[in-house]
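What follows is the residue order along each chain.
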Amino acid sequence: MNKPLRRIAIFCGLLVLALLARDNWLQYVQADKLAEHAMNRRVPIERYAQPRGDIIVDGNPITGSKKVDGDDFKYKRTYKNGPMWSPVTGFASQRIGATQIESIEDRILTGNDDRLFFRRSLDMLTGKKKEGGNVVTTLNAAAQKAAYDGLKTRGKGAVAAIDPETGAILALASTPSYDPSRFAGNTNKEAETFGKLDKDRDKPMLNRALRETYPPGSTFKVVTAAAALEHDLYTDIDSKTRSPLPWVMPDTRTELKNEGPIPCKNATLREALRVSCNTVFGKIGSDLGKDKMLETAEKFGFNEEQFVPVRSNASNFPKEMDKPQTALSSIGQFETAATPLQMAMVTSAIANDGTLMEPYMVRELQAPNLDVVEKHSPKEMSSPLSKENAQKLQDMMQTVVNEGTGTKAKIPGVTVGGKTGTAQHGLNNSKNPYAWFISYAKTESGSPVAVAVVVEDSAASRDDISGGGLAAPIARDVMKAVLDSKK
Amino acid sequence: MSSSTTHTSTIGAIGAPSRRNTELALLVFAVVIPLFAYMNVGLAISGELPPGMLGYGLGLGLLAGVAHLVVRKFAPYADPLLLPLGTLLNGLGLVVIWRLDQSERLQQLAKASFGAFSPSAPKQLLYSAVGIALFVIVMLFLKDHRVLQRYTYISMVAAIGLLLLPLVPGLGKNIYGAKIWIQVGAFSIQPAEFAKIVIAVFFAGYLMVKRDALALASRRFMGLYLPRGRDLGPILAVWAMSILILVFETDLGTSLLFFGMFVVMLYVATERTSWIVFGLLMSAVGAVTVASFEPHVKVRVDAWLDPFNADVIQATGTDQIAQSMMAFGSGGTLGSGLGQGHSDLIGFAANSDFILATYGEELGLAGVMAILMIYGLIVERGVRTALAARDPFGKLLAIGLSGAFAIQVFVVAGGVMGLIPLTGMTMPFIAYGGSSVIANWALIGVLLRISDTARRPAPSPAPNPDAEMTQVVRP
């Protein structure tokens, strides 16, 4: 009976061998795939097993962590003044997931980043618990508060403020907003809260400063003016332009109209910007042609997504259009659309004497012991206009604030330049227009802040809506907050 | 007795060394390793040495010591590896069961489903003690395994009785879709675990008598020996029995185990490959037929084919296979370390059917391979015992028991690793469960008894009183 016995022995050996092979396949070949499987709760358990690192503004955390009892996830995220900061932080929810900085810098915040590996290994040997690192932002708490408070009283809107010299984002506000603390945990109630917010018609979770594009209206005229100067269509801002009134758009019989009876016939560039002449800038656009306009717009950052490091939508300046469309686009209508961040970038490039700095809002990443893991160094993105032309444009924008449509942005003792915008939207201009204001402040030591404000106020009556009236005061408060904090 | 030093092979027909001291040295390892593992779990979970360490070490040491002394006294030539290997697995099992007792998640689950949580490790230690006691009883009362031949048909009746017990109304208990438990007082028993040994005795006894008839009286057809109709009877009966177990108790594992064991023993007894072909054909027919109309089995096949599919998880009501595979995956090559994994996500059977997943996650690929090798060694020692046994009954019994052991390990480990459909049996020795650990200690006892008989040196010939008379004395 020994021969079949030996065969049975071999058979048993094969059984064990099959198990060994399967185990190797499972635990070696498939290991990573299984360890990171979407159904695998270990990943979120690990993520929330210790307090998450903080997001820091002006040296103070705007986030926190709270211990939760009786759940797999030990700590949940808390937010200080969540609605104000949510466009900056995004959210980290145990049930839903994470967005924006919470998601992009997740590995630093959880302490899992490879750059923390050495430290982690040391902690493991000394038996110290794992900790998360911090994300230090460039934001200015006072400016953010001014922006958020200003918007809150006016309904929907957004503010983006940039330090023109470095590209650091100082304020990023959006209303209506939401409090990410309300659904940070893992309960059904929190999931419901999220569901309601997600379906809310006012879109409180939309980050309007980065992710919504609006027709920029007259604020886009500064880009058209920059194109005129850069392409030598006009060189002197105080000599008369060749601008008839009324002006019929080329190849059409349609007249381009101004808002009211304003002195636009052969107006100088300075005068045309001061009173916001559609005819003058429409004609400039059409005279330059779409290629030159497109070139300048793209140098300012149009038609490209920005990563700050949170992604912003690409602003749009159309690539294919005929002459009248070019004219319309050049006064911020037709298909031209910009995010508040984009218009803040335009303003900052002008305020910074023609150099556009790459916008960013994460100054540095810190290890749990506050060692710097990564530091952002300001980078030049492009130079849409020369220093000389930039200063001419500043001169024009300062006229707008001092004696034009933007007087509500005046700050005593400070040089302020700006531009209003009232953008039509809706079919046949049926909806309430958006009120825009872009501006910068300047002191002897340079320009510390450029800001773009958009207010989409459907509650206000149509005639009250103007960039100068609704948006300029917010811009002024934000600039003032930045100037005050510099003192 | 250990005077023979000329033989180096572990199992020789005659004159093997007893190797009792080897066994003792190995037992020290088998007790110390789990003790270290226990320490490791305590340090990992609470940062301090576990409180019961001394008692636990003494308990395991005592059990191993008693078993060793009994073997030394009553089966001095028994295989020296089986006892240490069983002790090591039993010890590691206790550690991991204790580790899962510490899981808050499982404690909450227990409170939610049964109203209270009671730790399993102390019970398992008690079961292990009962198991060792049964082992000792086997050693003391079974002086020679050949005695069991006398109980061939009684065994058959007993085995069928044990298998049918769960179907008795009021006694049987349906837990999670399988009717394989009976409730006796506060204890649940899986009679199939014991039936495994009893039925091996019946098969061995029956086949020993019938093997010649089964092997020789057959017609040749297309290269295969077709058995005679009347010889086919018992095989058909066993086949029908496993199908019945499958249908009425929805116990895929036991059914597979019995039929597999029977085919193995039949093949060894008759030395005819045709029996294997018949066996495989019949099990295939049975399995496919049952799987196509028995929902419990069908669902398990679905869960095996696509464990991560949301619809399948919905249908089975559990994502245990997916969880088990993710536990293995998260362990990777070296594992997360004892006490530091999340295998408790598997849920209610984490410390019984699915316990191997905890080894996978916390000890990694290296740990699971080691465990599988230990199982492989136990089977290998069992087969060696069968080879060395000098009587056909002993050979058949030993190969039946070790074959069943191998099939059980394969079926359970293959199930939790997603290699084959899950069947719901326990990993011998390491899984929580009284019946399993007790029955497997008895199985080791019987194997040790056979190996003792096999390795015992032949008695020196008795002096022949006639020898002197007939001797030619030369002057």
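For clarity, every value in this text was computed on a predicted model and none was experimentally measured.

The rules behind each value
- Each chain has its residues counted from 1, following the order in which its sequence is written.
- Throughout, the order in which chains and ligands are written sets their labels, letters from A for the former and numbers from 1 for the latter.
- Where totals are concerned, whole chains, interfaces and linings use all residues; where local detail is concerned, this predicted model gives features only for residues with pLDDT of at least 70, and gives and counts side-chain atom pairs only at 80 or more.
- Side-chain numbers come from the whole structure's heavy atoms, not from hydrogens or water.
- Secondary structure elements follow DSSP: runs of H or I of four or more residues count as helices, runs of E of two or more count as strands, with numbering from the N terminus.
- Working definition: with a 1.4 Å probe on protein chains only, accessible area under 20% of the residue-type maximum means buried, over 50% means exposed, and in between means partly exposed.
- Contact between two residues is taken to exist if any of their heavy atoms lie within 4.5 Å; hydrogens are not considered.
- Definition used for salt bridges: Asp or Glu carboxyl oxygen within 4 Å of a side-chain nitrogen of Lys or Arg.
- For every residue, the predictor reports its confidence as pLDDT, a number between 0 and 100.
- Throughout, buried area stands for the accessible area (probe radius 1.4 Å) lost by two parts on being put together, summed over both.
- Polar contacts, as used here, are pairs of N or O atoms within 3.5 Å; protein pairs need one atom able to donate a hydrogen and one able to accept it. Residues neighboring in sequence count only if both atoms are side-chain atoms.
- Think of it this way: a Phe, Tyr or Trp ring, Trp meaning its six-membered ring, pairs with another when their centres are within 6.5 Å, and the plane angle makes it stacked under 30 degrees, edge-to-face over 60, tilted otherwise.
- Whether two strands pair depends on DSSP finding at least two bridges between them.
- The axes are straight lines fitted to the C-alpha atoms, using for helices just the contacting stretch, and the angles between their N-to-C directions are given from 0 to 180°.
- Note that patches include only residues with greater than 30% relative accessible area and no salt bridge, and the join distances are 9 Å for like charges and 5 Å for nonpolar side chains (Val, Leu, Ile, Met, Phe, Trp, Tyr).
- Here the Shrake-Rupley method, with its probe set to 1.4 Å, supplies the accessible areas, and only the displayed protein chains count as covering residues.

1. Some thoughts on the overall build of chain B
Along chain B, the regular secondary structure elements total 17 helices and five strands. The burial tally for chain B puts 55% of its 475 residues in the buried class. Here the contacts in chain B between residues at least 6 apart in sequence split such that 73% fall between residues at least 24 apart.

2. Here we look at the pattern of salt bridges
Under the definition given, this model contains 34 salt bridges over all chains. In this structure, Lys196 of chain B engages Glu193 of chain B in a salt bridge whose closest nitrogen and oxygen atoms are separated by 3.3 Å. Of this pair, Lys196 of chain B and Glu193 of chain B both sit in helix H7 (residues 191–216), separated by three residues, roughly a single helical turn. Neither Lys196 of chain B nor Glu193 of chain B differs from the other in exposure class; each is buried. When salt bridges that share partners are traced, they join Arg47, Arg52, Asp54, Arg77, Glu102 and Asp106 of chain A into one network.

3. Some words on the confidence of the model for chain A
When pLDDT is averaged across chain A, the result is 87; 96% of the residues are at 70 or more. Of all helices and strands in chain A, the one with the weakest mean pLDDT is helix H7 (residues 117–126) of chain A (77), whereas helix H1 (residues 2–29) of chain A scores best (94).

4. A few points about the side chain of Thr336 of chain A
All names here are of chain A. Tracing the backbone shows Thr336 in the loop between helix H15 (323–330) and helix H16 (340–351). In this structure Thr336 comes out as buried when scored by relative accessible area, which is 2%. If near-sequence neighbours (up to four positions away) are discounted, Thr336 is found in contact with Tyr214, Pro215, Pro216, Phe220, Phe302, Asn316, Phe317, Pro318 and Ser329.

5. Comments concerning the interface of chain B and chain A
Counting residues at the interface gives 52 residues for chain B, matched by 33 residues for chain A. Note on chain B versus chain A: buried area summed over both sides is about 3,700 Å², and carbon and sulfur give 72% of it. Connecting chain B to chain A are two salt bridges. Notably, a salt bridge pairs Arg42 of chain A with Glu361 of chain B, separated by 2.8 Å at the nearest N-O pair. At the junction of chain B and chain A, the tally comes to 12 residue pairs in polar contact (both at pLDDT 80 or more). Every element with two or more residues in the side of chain B that touches chain A is listed here: helix H4 (104–114), helix H9 (252–270), helix H13 (320–331), helix H14 (355–388) and helix H15 (392–416) of chain B. Take the side of chain B that touches chain A: its biggest share by element is 13 residues, from H14 of chain B.

6. Structural notes on the packing of aromatic side chains
All names here are of chain A. For the coordinates displayed, the defined rule picks out 20 aromatic pairs over all chains. Where Phe183 meets Phe194, the ring centres are 5.1 Å apart and the plane angle is 65 degrees; that geometry is what we call edge-to-face. Placement of Phe183 in the loop between strand E9 (169–175) and helix H9 (188–199) and of Phe194 in helix H9 is noted, with a sequence separation of 11 residues between them. For Phe183, a relative accessible area of 0% translates into the label buried.

7. Section: the sheet that holds strand E18 (residues 415–423) of chain A
All names here are of chain A. Strand order in the open sheet made by the five strands is E9-E8-E20-E19-E18, with antiparallel pairing throughout. The sheet terminates laterally at E9 and E18, the two strands that pair on one side only. Neighbour to neighbour, the strand axes of the sheet diverge by 10 degrees on average, direction disregarded. In the packing of helix H8 (residues 141–152) onto the sheet, contacts are made with strand E8 (156–162), E9 and strand E20 (446–456), and the angle to E9 comes to roughly 20 degrees.

8. Re the pairing of strand E16 (residues 372–375) of chain A
Residue and element names in this part refer to chain A. The sheet contact formed by strand E15 (residues 362–366) and E16 spans three bridges and is antiparallel. Its bridge partner lying in E16, Leu365 is registered against Glu374. Taken together, E15 and the strand that follows it, E16, pair antiparallel across an intervening segment of five residues, in which Leu370 is found at a positive phi of about 75 degrees.

9. Quick look at unusual backbone geometry
Residues and elements named next belong to chain A. For the peptide bond that leads from Thr175 to Pro176, omega is -5 degrees, which places it in the cis range. Its location among the elements puts Pro176 in the loop between E9 and H9. Positive phi outside glycine occurs at Lys203, with the angle close to 50 degrees. Mapped onto the fold, Lys203 is located in the loop between H9 and helix H10 (208–211). Exposure remark for Lys203: the relative accessible area of 47% places this residue in the partly exposed category.

10. Regarding a nonpolar patch on the surface
Taken together, the side chains of Ile160, Leu164, Leu167, Leu244 and Phe248 of chain B make up a nonpolar region of the molecular surface, amounting to roughly 430 Å² of accessible area. Mapping Ile160 of chain B onto the fold places it in helix H6 (residues 152–164).

11. Topic: the environment of Ser181 of chain A
Residues and elements named next belong to chain A. Position of Ser181 relative to the elements: it lies in the loop between E9 and H9. According to the relative accessible area criterion, Ser181 is partly exposed, its value standing at 21%. Sequence separation of Ser181 and Pro83 is 98 residues, and the distance between their C-alpha atoms is 9.2 Å. At 2.9 Å, the side chain of Ser181 and the backbone nitrogen of Tyr79 are in polar contact.

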